[in-house]
Amino acid sequence: MDKKNALRAGAVAAGTTLMMLLMSSPALALTRDDGDDPGTGLSVVETLGLYVVAPIALFLVIAGLVIVGDKSRKQG
């Protein structure tokens, strides 16, 4: 792909993204619904643990199981 086509593709992608952002409506998360019963919020430590530490730990466990399974297959 030459430079002109790459520039054109980048401009189209950026334009499409910008139009999607401008045309999308807000989530209206601040509007309360009937029967809405929100719980207590998460602390910073709970949020980091849930959305950062837990996925990394899960990835490491799965990767470890794959590595152990691969090594046991090569030995046998």
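None of the values given here were measured: they were computed from a predicted structure.

Conventions and cut-offs
- Residues numbered from 1 in each chain as written.
- Predicted model: local features only at pLDDT ≥ 70, side-chain atom pairs only at ≥ 80, totals over all residues.
- Heavy atoms only, no water.
- Helix = DSSP H or I, 4+ residues; strand = E, 2+ residues; numbered from the N terminus.
- Rg over C-alpha atoms; globule rule 2.2 N^0.38 Å.
- Buried < 20%, exposed > 50% of the residue type's maximum accessible area, 1.4 Å probe, protein only.
- Areas by Shrake-Rupley, 256 points an atom, 1.4 Å probe, with all protein chains shown as cover.
- Lys, Arg positive; Asp, Glu negative; His and termini not counted.
- Charge placed at Lys NZ, Arg CZ, Asp CG, Glu CD.
- Patch = residues over 30% accessible without salt bridge, like charges linked within 9 Å, V, L, I, M, F, W, Y side chains within 5 Å.
- Salt bridge = Lys/Arg side-chain N within 4 Å of Asp/Glu carboxyl O.

1. A word on the overall build of the protein
Now for step 1: Across its full length, the protein holds two helices and zero strands.
Now for step 2: For the protein, the C-alpha radius of gyration of 23 Å lies well beyond 11 Å, the compact-globule estimate for 76 residues.
Now for step 3: Considering only C-alpha atoms, the protein reaches an extent of 60 × 55 × 20 Å along its principal axes.
Now for step 4: Across the 76 residues that make up the protein, the buried fraction comes to 0%.
Now for step 5: Summed over all atoms, the accessible surface of the protein reaches about 7,300 Å², with 69% contributed by carbon and sulfur.
Now for step 6: When the 7 basic and 7 acidic side-chain charges of the protein are each reduced to a single mean position, those positions are 25 Å apart.

2. Quick look at a nonpolar patch on the surface
Now for step 1: Among the surface-exposed residues, L42, V44, L48, L50, Y51, V52, V53, I56, F59 and L60 lie close enough to one another that they form a single nonpolar patch of about 1,000 Å² accessible area.
Now for step 2: Checked against the element boundaries, L42 lands in the loop between helix 1 (3-23) and helix 2 (44-75).

3. Remarks on the environment of L48
Now for step 1: Counting through the fold element by element, L48 comes out in helix 2.
Now for step 2: When its relative accessible area of 47% is taken as the criterion, L48 is described as partly exposed.
Now for step 3: Taking the C-alpha atoms as reference, L48 lies 43 Å from D2; in sequence the two are 46 residues apart.

4. Concerning the environment of L7
Now for step 1: Note on placement: L7 falls in helix 1.
Now for step 2: Given the relative accessible area of 66%, L7 is considered exposed.
Now for step 3: For the pair L7 and T31, spaced 24 residues apart in sequence, the C-alpha separation works out to 42 Å.

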